[in-house]
Every structure is written in C-alpha cells, then in structure tokens.
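Topology and contacts: notes
Single-letter residue listing:
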Amino acid sequence: MHKNQCFCLLLTIFCFISACREGEKEVKKDKIVSATVKIELSPKEKKGVELLEKCIEAHGGLNQWNSFSGLEYNLNDKGKLVYQITQLKDRRAYLKSKEYEVGFDGKVAWAVPNAKKVSGQSAAFYYNLDFYFIGLPFLLKDKGVNTVYAGEANVNGKNYESIKITFGNEVGLTPEDVYYLYIEPGSYILRILTYSISYFDKEAAKINSAKVYSSYEKVQGIMMPTKMENFEWDNEKQEMGKSKEHVRLFSDIRFIEEISDESIFEVPEGAVMEKLSE
C-alpha cells in the first residue's frame with residue numbers, strides 16, 4: 001500500500017473515532033440537560049412553597065429535624081395515656097397504652113389484642129395519626145406533597161397566611177386528603193390546620209374540622225405543640241365554631257439520635273394485622 005493511501009486510511013479512521021466521541025458527548029450532554037430539567041411552578045405554587053419553607057424554618061429547620069432518627073412522646077387522650085415512638089426515616093411506629101399495643105413494621109400495621117379500642121378501630125388508620133399532626137410542617141417536605149398559596153385569611157378576628165396541601169396518588173393510604181395550614185404572619189408558626197379525612201369514605205370527605213396548635217415548647221431545637229384542640233369549622237365562611245371537646249395533650253417529647261431497640265416495631269405473636277403495601 002502506498003504511503004498516501006495509508007495516510008488517507010489513518011485520517012479516515014481518526015475522523016470516524018472523533019465523530020463517535022463527539023456523538024457520545026452530545027448524548028451525555030442531552031442526558032445531563034434532561035436530568036436537570038425543573039418543573040416550572042406557578043406563582044401561587046412558588047409562593048406556597050416559600051411560605052412553607054419559612055414555616056419550617058420558624059419551627060427549627062428541616063436540617064435539625066432530619067438530624068434525628070426517632071421521635072417519642074406521651075399522649076394524653078381524655079385521661080388515657082398512650083406512649084408513641086416513630087422511626088423518622090422510614091416511619092415505623094409503636095404505640096402502647098394500658099389497653100392495647102399498636103405498631104407498623106414497614107409493611108403491615110398491627111394491634112394487640114386487637115384494634116377495637118383505638119381511634120377508627122383500625123391499626124392502619126391509627127398508628128401514625130397523631131404523629132402526622134405533631135410532625136407538621138416538616139412532613140410536608142415528603143415526596144408527592146403539593147403546596148399552593150391559598151391567600152390571606154381572617155379567622156375569628158385573627159389574620160393568617162394560608163397554604164393548601166394536596167397529595168399525589170402514590171402518597172399514603174389517603175391521597176385524597178386536603179389540608180389547609182394557617183400560619184401566623186411574622187412568626188411563621190403554624191396555628192390552625194383544617195383538613196378532610198377520606199380514609200373511611202372518600203366520597204363524603206369534606207373539611208369540617210379545625211385543629212388549633214398551641215402551647216409550643218422548644219425541644220432540642222424544634223418547636224413542638226403540646227396541645228391540639230379540634231373545633232367546628234365552616235369552610236365557606238372560614239370560621240371556627242365551638243370546641244369539639246377533642247383535646248390532645250403531648251408531654252415528655254424527645255427526639256432520638258439512634259433508637260436502641262428497633263425490635264419493638266416487629267409484629268408480635270398473636271397480633272391482628274392490617275396490610276398497607278406489598
């Protein structure tokens with residue numbers, strides 16, 4: 001083969017390899033661009049997210065909340081004391097009173113001897129009920145939570161800023177639930193939560209209850225309510241009525257860096273189980 005022919009052949013191979021490399025770079029570039037595409041938020045969504053973040057920061061900040069692996073407390077429900085502990089990373093839970101034990105091992109909710117004496121007579125409904133309320137606003141940073149600014153509101157003579165919370169279809173057992181958070185201007189502390197519960201009847205679910213958060217205490221850097229009281233709620237008038245005499249009192253609240261015995265979440269022998277997921 002002549003030198004000129006060899007040179008041409010080598011030049012052709014070089015050009016081919018260079019073209020392939022450029023093609024790979026373009027593919028990689030396309031992948032990087034597609035991976036960094038952000039969903040454009042509407043003005044109301046953006047304002048809602050910003051307000052929620054201010055609320056979370058006022059309560060101690062997400063980094064502080066995420067620095068712990070567990071949360072425990074005693075709940076006084078009309079004179080009945082219930083101990084509750086929740087694993088914050090995967091939401092396994094254990095609850096104990098004199099009358100029952102309830103838990104969630106990550107797949108099934110369980111009760112001993114049964115769930116007849118727990119709220120809703122369902123371990124699946126009850127095991128994280130109070131935890132979710134006391135865990136606000138932090139838990140609203142979970143995946144699948146949608147936040148929209150709902151405007152300024154005057155409730156029984158007091159001014160608030162409000163956000164509406166909805167959930168994606170993949171979130172929990174009741175993605176149809178709707179929450180409204182009423183946040184105190186200036187302090188950005190959560191004061192009122194109105195909500196619908198669709199667990200038992202999705203069609204009839206409506207917002208007719210307001211939960212008032214009060215008696216906050218700072219626990220290990222986190223602002224935690226020690227009292228929640230439910231009131232009647234007129235959603236059209238945005239007005240609270242009389243107390244429903246449903247008061248939850250929280251004491252001995254403590255965040256845990258590492259749960260020493262996680263076997264408490266496991267299903268004990270003889271428990272009645274309710275499956276939540278595959």
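Reading the values: rules and limits
- Residues numbered from 1 in each chain as written.
- Predicted model: local features only at pLDDT ≥ 70, side-chain atom pairs only at ≥ 80, totals over all residues.
- Heavy atoms only, no water.
- Helix = DSSP H or I, 4+ residues; strand = E, 2+ residues; numbered from the N terminus.
- Buried < 20%, exposed > 50% of the residue type's maximum accessible area, 1.4 Å probe, protein only.
- Contact = heavy atoms within 4.5 Å.
- Areas by Shrake-Rupley, 256 points an atom, 1.4 Å probe, with all protein chains shown as cover.
- Phe/Tyr/Trp six-rings, centres within 6.5 Å; stacked < 30°, edge-to-face > 60°.
- Lys NZ or Arg CZ within 6 Å of the ring centre and 35° of its normal.
- Core = buried A, V, L, I, M, F, W, Y, C linked by side-chain atoms within 4.5 Å.
- pLDDT = per-residue confidence, 0-100.
- Polar contact = N/O pair within 3.5 Å; in protein donor to acceptor, adjacent residues only side chain to side chain.
- Expected span 1.5 Å × (residues − 1).
- Arc of directions from axis to C-beta.
- Pairing = 2+ DSSP bridges.

Counting its regular elements, the protein contains five helices and 13 strands. Counting across all 278 residues of the protein, residues that qualify as buried make up 41%. By sequence separation, contacts in the protein at least 24 residues apart represent 51% of the contacts at least 6 residues apart. Summing over all exposed atoms, the protein offers an accessible surface of approximately 16400 Å²; the carbon and sulfur share of this is 51%.

Going through the model one piece at a time under the given rule, you end up with 13 aromatic pairs. Geometrically, the ring pair formed by Y160 and Y182 is edge-to-face, given 6.4 Å between the ring centres and 85° between the ring planes. Of this pair, Y160 sits in strand 7 (residues 158-167) while Y182 sits in strand 8 (residues 179-183), and the two are 22 residues apart along the sequence. Here the two residues Y160 and Y182 agree in accessibility, since each one is buried. These aromatic residues form a ring-pair network of at least three members: Y132, F133, F167, Y179 and Y195. The ring of F133 carries the charged tip of K211 above its face, separated from the ring centre by 4.4 Å.

Across soluble globular proteins, nonpolar side chains have a tendency to be buried as a group. With 55 residues, the main nonpolar core has L71, V102, Y179, L181 and F255 as its most contacted residues. A per-element tally of this core places helix 5 (residues 129-134) first, with five residues. Leave out the neighbours within four places in its chain, and F255 touches W65, F68, G70, L71, L88, V219, Q220, I222 and M224. With 13 residues, the next largest nonpolar core counts Y180, Y182, A210 and F231 among its residues.

In this section: the confidence of the model for the protein. Per-residue confidence for the protein averages 85 on the pLDDT scale, and 80% of its residues sit at or above 70. Overall, residues 6-11 carries pLDDT values under 50, and its contacts beyond four positions in sequence, including any with other chains, amount to one contact.

Before going further, it helps to spend a moment on the side chain of S243. Inspection of the secondary structure puts S243 in strand 12 (residues 239-256). Judged by its relative accessible area of 19%, S243 falls in the buried class. Among the polar contacts listed, one links the side chain of S243 to the side chain of E229, at a separation of 2.7 Å. Among the polar contacts made by the side chain of S243, one reaches the main-chain amide nitrogen of E245 at a distance of 3.0 Å. With sequence-adjacent residues up to four places away left out, S243 is seen in contact with E229, N230 and F231.

We now examine the environment of S119. Assignment of secondary structure puts S119 in the loop between strand 5 (108-112) and helix 4 (123-126). Overall, S119 belongs to the partly exposed group, its relative accessible area being 33%. As a C-alpha pair, S119 and L129 span 10 residues in sequence and 8.9 Å in three-dimensional space.

For the rest of this paragraph, the subject is helix 2 (residues 43-58). Compared with the 22 Å implied by 1.5 Å per residue over 16 residues, the 23 Å span of helix 2 between its first and last C-alpha is a close match. Those residues of helix 2 that sit buried are G48, L51, L52, C55 and I56. Along the long axis of helix 2, the arc covered by the buried residues comes to 140°, so they all point the same way. With respect to the buried face of helix 2, the exposed residues turned more than 90 degrees away are P43 and E57. Of the residues one or two after helix 2, G60 is the one with positive phi, at around 130°.

Okay, the pairing of strand 10 (residues 209-219) next. Pairing of strand 9 (residues 190-195) with strand 10 involves four bridges; the strand directions are antiparallel. Looking at strand 10, one finds that I192 is bridged to V212. Hairpin connection between strand 10 and strand 11 (residues 222-234): a loop of two residues separates the two successive antiparallel strands, and Q220 in this loop has a positive phi of roughly 50°.

Looking now at unusual backbone geometry. A cis amide bond links V112 to the next residue, P113, at an omega of -5°. Positionally, P113 belongs in the loop between strand 5 and helix 4. Residue P137 is bonded to the preceding L136 through a cis peptide linkage, with omega at 5°. With respect to the helices, strands and loops of the structure, P137 is situated in the loop between helix 5 and strand 6 (145-155). The residue Q220 is not glycine, and still its phi comes out positive at about 50°. As for its position among the elements, Q220 is in the loop between strand 10 and strand 11.

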